[in-house]
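# A closer look at the structure
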Amino acid sequence: MGRERRKKYEKGEATAYMSRNQAINKLQLTLADFRRLCILKGIYPHEPRHKKRVNKGSTAHKTYYLVKDISFLAHEPIINKFREFKHFVRRLKKAINKRNKDAEQRIRSNKPKYKLDHIVRERYPSFLDALGDLDDCLSMCFLFGTMPQGARVHMEYINHARKLTVEFMHYVIASKSLRKVFISIKGIYFQAEVMGQTLTWVVPHGLGFQHPEDVDYRVMQTFVEFYTTLLGFINYKLYHSINLHYPPKLELDAETPDGKNSMTEKEEYQERLSALSQTLRSLDQGGGEDEVQLDEFPALETDDPDRVEKAKVEAEKINKLQNLFKGLKFFLNREVPRETLVFIIRSFGGEVSWHKSVAVGASFPESDESITHQIVDRPQTTNQYLSRYYVQPQWVFDSVNANSLLPMESYFPGATLPPHLSPFVEEEEGDYVPPERQALINRQLGLQQEDSGVEDDEEASDDDESEDEEDEEEEEEEEEDSEEEEEQVKGQGKRKRKHEEADSEADKAKKLNMAVEAGAPENVNLEQKLQRQTMEERRLAEMMIPKKKKRLYDKIMYAKKKKNQETRKLKEKREAIETQKKADSKKKKTKK
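This report concerns the structure included in the present document. (Residues numbered from 1 in each chain as written. Predicted model: local features only at pLDDT ≥ 70, side-chain atom pairs only at ≥ 80, totals over all residues. Heavy atoms only, no water.)

Summing up its helical and strand segments, the chain has 21 helices and 9 strands in all. Across the 592 residues in the chain, those meeting the buried criterion constitute 34%. Residue pairs in contact within the chain that sit at least 24 positions apart in sequence constitute 64% of those at least 6 positions apart. Carbon together with sulfur atoms contributes 49% to the accessible area of the chain, which is approximately 39900 Å² in total. (Helix = DSSP H or I, 4+ residues; strand = E, 2+ residues; numbered from the N terminus. Buried < 20%, exposed > 50% of the residue type's maximum accessible area, 1.4 Å probe, protein only. Contact = heavy atoms within 4.5 Å. Areas by Shrake-Rupley, 256 points an atom, 1.4 Å probe, with all protein chains shown as cover.)

Below, the structure is given as structure tokens:
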């Protein structure tokens, strides 16, 4: 018998993919329902390597899905709910056209509903998987939480997103998980560390919002529908991990309004909760957020003293950052972004209040003499108090990113603010570092110009910049060394005699003036010590490079020199701009 011959396009990639129209026909859904189902289940189109094979010789542009993904969607029970909803809409339209009020009311009361809990558990088997995928979820929920009511977006999605984001902010305040903040044109970026996962999200500015016309809000609503379900699961788990009630309960309230209370009471309670000024009640009867027991710093599974020291330094930094505003009381003027500043200040241990007429939840008045800082955004203020500092809002953001309370002279009302640097930019070795950023790094390390440790660090950092100059000076030094050697040989005998006489006199003086003094503990800067150690390890590694890899190393060093030249040009450009500014300011003063 001859070998069985298969037809063309019946194996390989041709059977692994199917087009979107084929998938819709197989599932018997409309295009809108198919898109919605794919978003909820996390199924995305794929680009095959050989489109011509998949499309059976044709080069027409199509959207392809994996066959195994479509067969996976075919068993989803939510498809039946989509079909029930279609039937519901058909019956409702018929009742409305016939003007049958009783039938219309009966049909509306039996509207089919579905839940996405099983999809969340299916897509995220573990809690850490859900936390790692929370960045887009938070950004989308914060966006919908700030949207105004309109015809394009249902108010139900807006209220639900707003409720869940307020709960998440309360958790960040209670656990002191916030680490970085940055103001940009798109919005305000936040970064927090939750159970070892780094979460970054953006909150839009509270300005007048207009719905753009080129955005498909139905797709966005589908994402929000899934994300609100996911965020509800996560909030429940996070609240119970730090021993807090969920849904959250305020510590000062005896009871939380439930479904039996009127809508006005529930709305008032939600407003007080969204003010973020009150602490939450814990599951224990004793205390609230102040007594929350957070996880201690985990013990390292190593005996390496360097890693232990680094871990201690990081733990000290985090502890210092978490209590940055502890003991300080802030009062916010009407013109500043209230919710953002309250969230930041309370996340770092500070107390905050505002005018009663602005919003619900003010905890102390402006006349309180214990207020230490008042946040203003106008050049002149009336009724100033001598017992407090008046600063602009940027001082709060920059202090958080600098991990210390910055000097307030540059942030007084009406003063020209320093540049607001992004904390998410991490300069590598050889990159251009602006002077403001370098001053901030030196402040964080606690460096001073007089310390010897700084000289070592500056020399180590300047080694890369001065490599080109050293190559040119080596030839001149070799010529000078030959002349100096001759002179040194002649004067060597005279110096030996002088040194021997001076050493004998110094030994006699030491024996006569011997004494014992009280010792003082040596203050060791761990960061400087670790920095020097890494520099020394790097030098030793360069010395141990084998000859086979020396050529590759030379190429890397050549690229590094080019990078240093670019940074040097940027520094010169910045210095020229600064000198021009000074010259212009002098001209203005002379004219006045």
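Next, the rest of the story.
Bridge count for strand S4 (residues 188–194) against strand S5 (residues 197–203) is 7 bridges, and the pairing is antiparallel. In the strand pairing of S5, Ala192 is matched with Leu199. Connecting S4 to the next strand, S5, in antiparallel fashion are 2 residues, including Met195 with a positive phi near 55°. (Pairing = 2+ DSSP bridges.)

Turning our attention to the pattern of salt bridges. Within this structure, the stated rule accounts for 14 salt bridges. One salt bridge connects Glu225 with Arg36, and the closest N-O pair in it is separated by 3.5 Å. Remark: Arg36 occurs in helix H3 (residues 31–41) and Glu225 occurs in helix H12 (residues 217–241); sequence separation between them is 189 residues. A salt bridge links Glu167 to Lys163; the shortest N-O distance between them is 3.1 Å. Of this pair, Glu167 and Lys163 both sit in helix H11 (residues 155–175), 4 residues apart, roughly one helical turn. Taking relative accessible area as the criterion, Glu167 reaches 2% and is therefore assigned buried. You can call Lys163 partly exposed: its relative accessible area is 32%. One continuous salt-bridge network, built from bridges that share partners, spans Lys41, Glu76 and Glu122. (Salt bridge = Lys/Arg side-chain N within 4 Å of Asp/Glu carboxyl O.)

Here we come to the sheet that holds strand S3 (residues 178–183). By definition, the strands of a sheet pair up through backbone hydrogen bonds, in either a parallel or an antiparallel sense. One open sheet holds the 3 strands; their spatial order is S3-S4-S5, and the pairing between them is antiparallel. Two strands in the sheet have a free side with no partner beyond their single neighbour: S3 and S5. Direction aside, the axes of adjacent strands within the sheet are offset by 15° on average. (Axes fitted to C-alpha atoms, helices over the stretch in contact; angles between N-to-C directions.)

With that out of the way, let us pick up the sheet that holds strand S7 (residues 351–354). The 4 strands are arranged S7-S6-S8-S9 in an open sheet whose pairing can be described as parallel. Either end of the sheet is taken by a strand with one partner, and the two such strands are S7 and strand S9 (389–391). In this sheet, neighbouring strand axes are inclined to one another by 25° on average, regardless of whether the strands run parallel or antiparallel. Where strand S6 (residues 329–332) lies against S7, 4 bridges are found, and the strand directions are parallel. From the neighbouring strand, Leu332 faces S7, where its bridge partner is Trp354. Relative to the sheet, helix H15 (residues 338–347) contacts S6, S7 and strand S8 (373–375), its axis offset from that of S7 by approximately 160°.

A surface patch of negative charge is lined by Glu265, Glu267, Glu268 and Glu271. Residue position: Glu268 is located in helix H13 (residues 263–274). (Patch = residues over 30% accessible without salt bridge, like charges linked within 9 Å, V, L, I, M, F, W, Y side chains within 5 Å. Lys, Arg positive; Asp, Glu negative; His and termini not counted. Charge placed at Lys NZ, Arg CZ, Asp CG, Glu CD.)

So, about the nonpolar core. Membership of the largest hydrophobic core comes to 96 residues, with the highest contact counts inside it found for Trp201 and Phe325. Apart from residues no more than four positions distant in its own chain, Phe325 is found in contact with Phe330, Ile345, Phe348, Gly349, Gly350, Trp395, Val396, Ser399, Val400 and Leu405. Membership of the second largest hydrophobic core comes to 5 residues, among which are Leu92, Ala95, Ala103 and Ile107. (Core = buried A, V, L, I, M, F, W, Y, C linked by side-chain atoms within 4.5 Å.)

So, on to the state of the cysteines. Evaluated as defined, the whole model comprises 0 disulfides. For Cys141, which is in no disulfide, the shortest distance to another cysteine sulfur is to Cys137 and amounts to 4.2 Å. A relative accessible area of 0% places Cys141 in the buried class. (Disulfide = S-S within 2.5 Å.)

A few words now on the packing of aromatic side chains. Across all of its chains, the model carries 17 aromatic pairs by this definition. On the numbers, 5.3 Å between centres and 70° between planes, the contact of Phe325 with Phe330 is edge-to-face. Residue Phe330 is classed as buried on the basis of its relative accessible area, which comes to 0%. Ring centres of Phe325 and Phe348 lie 6.2 Å apart, and the angle between their planes is 85°; on these two criteria the pair is classed as edge-to-face. Note that Phe325 is positioned in the loop between helix H14 (305–322) and S6 and Phe348 in the loop between H15 and S7, a separation of 23 residues in sequence. We classify Phe325 as buried; its relative accessible area is 0%. Classification of Phe348 as buried rests on a relative accessible area of 0%. What links up through ring pairs into an aromatic cluster is the set Phe142, Phe168, Phe190, Trp201 and Phe343. Sitting over the face of the ring of Phe364, Lys329 holds its NZ or CZ atom 4.3 Å from the ring centroid. Just above the ring of Tyr385 sits the side chain of Arg388; from NZ or CZ to the centre is 4.1 Å. (Phe/Tyr/Trp six-rings, centres within 6.5 Å; stacked < 30°, edge-to-face > 60°. Lys NZ or Arg CZ within 6 Å of the ring centre and 35° of its normal.)

Looking at the secondary structure, you find Ser177 in the loop between H11 and S3. If sequence neighbours within four positions are ignored, Ser177 has contacts with Tyr171, Val172, Gln191, Ala192, Glu193 and Val194.

What follows deals with the packing of helix H10 (residues 135–145) against H12. It is the contact of H10 with H12, at a shortest axis distance of 9 Å, that shows an interaxial angle of 115°. Here H10 lies roughly perpendicular to H12, going by the angle between them. Of the two possible hands of crossing, H10 and H12 adopt the one that is left-handed. In contact with Asp136, Cys137, Leu138, Met140, Cys141, Leu143 and Phe144 of H10, H12 contributes Met220, Gln221, Phe223, Val224, Tyr227, Thr228, Leu230 and Leu231. (Parallel < 35°, antiparallel > 145°, perpendicular 65-115°, else oblique. Left-handed = near helix turned anticlockwise from the far one by under 90°.)

Note that all results are geometric; they support no functional claim without further evidence.
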